[in-house]
Amino acid sequence: MMIHVWPTVNSNMDAQLHCRHKSMSAIIGKKGVTSHKHEGDLATPLGTFLLRQVFYRADRIIKPQSVLPVIPLSKQDGWCDDPSSPHYNQQVGLPFPFRHEALWREDSVYDLIVVIGYNDNPAIAGKGSAIFMHLQRPNKTPTEGCVALTEPDLRFVLAAGATEITIHPPR
């Protein structure tokens, strides 16, 4: 089942995510959307992508319902965002010698993560990595290129059977 993200015309970071007949507020990258994504540009990639898998913090939240594989996070889970690594844009075990994000965080942003299949088949170095759907920050600040939802909305999307996402240009 496909979900759609429509950026708001007058804001780089605000968007609406449509799932079935429900519309919900989403936060995207600080620089809006782009069709020319590159590592560190703070923009969310345009296009249609498969949703790969779900990670969650089992010590903080209950397991979400999803047709996707659902995997509990551990303190050793990371994601490589270093274009010079042969593991670029892949889940990695920590410690890891290249630049990476730790998926086990002190804040709640990664308590629930959906991996968006952007630049992963195969990954092209520098084209962007770690594009996820994850939880919004309490102050609703923009992401670095991900799509952020509230926990109830992200759980709704997963329970509805979402398997693909289309990120559109502003209308």
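Every value quoted in this text rests on a predicted model; they were computed, and no experiment measured them.

Draft legend 1. Region of the structure containing the pattern of salt bridges. Scanning the entire structure with this criterion turns up 8 salt bridges. Residue Arg52 pairs with Asp120 through a salt bridge whose shortest N-O separation is 2.8 Å. Placement of Arg52 in strand β6 (residues 47-56) and of Asp120 in the loop between β11 (112-116) and β12 (132-135) is noted, with a sequence separation of 68 residues between them. Taking the relative accessible area as the measure of exposure, Arg52 reaches 30% and is therefore partly exposed.

Draft legend 2. The pairing of β11, seen in detail. Burial analysis of β11 places 5 of its 5 residues in the buried class, the great majority of the element. Every second residue of β11 is oriented toward a common face, with Leu112, Val114 and Ile116 on one face and Ile113 and Val115 on the other, all of them buried.

Draft legend 3. Seen up close, the sheet that holds strand β9 (residues 91-93). Taken in spatial order, the 3 strands line up as β9-β8-β10 in an open sheet, and their pairing is antiparallel. The outermost strands of the open sheet, each flanked by one partner alone, are β9 and β10 (100-102). Averaged over all pairs of adjacent strands, the angle between strand axes in this sheet comes to 40°, irrespective of strand direction. Two strands pair when backbone bridges link them, and strand β8 (residues 77-80) and β9 are joined in this way by 3 bridges, in the antiparallel orientation. Within β9, the position partnered with Trp79 by the bridge is Gln91.

Calculation notes
Residues numbered from 1 in each chain as written. Predicted model: local features only at pLDDT ≥ 70, side-chain atom pairs only at ≥ 80, totals over all residues. Heavy atoms only, no water. Salt bridge = Lys/Arg side-chain N within 4 Å of Asp/Glu carboxyl O. Helix = DSSP H or I, 4+ residues; strand = E, 2+ residues; numbered from the N terminus. Buried < 20%, exposed > 50% of the residue type's maximum accessible area, 1.4 Å probe, protein only. Pairing = 2+ DSSP bridges. Axes fitted to C-alpha atoms, helices over the stretch in contact; angles between N-to-C directions.

Limitation: the analysis is restricted to geometry and does not speak to function.
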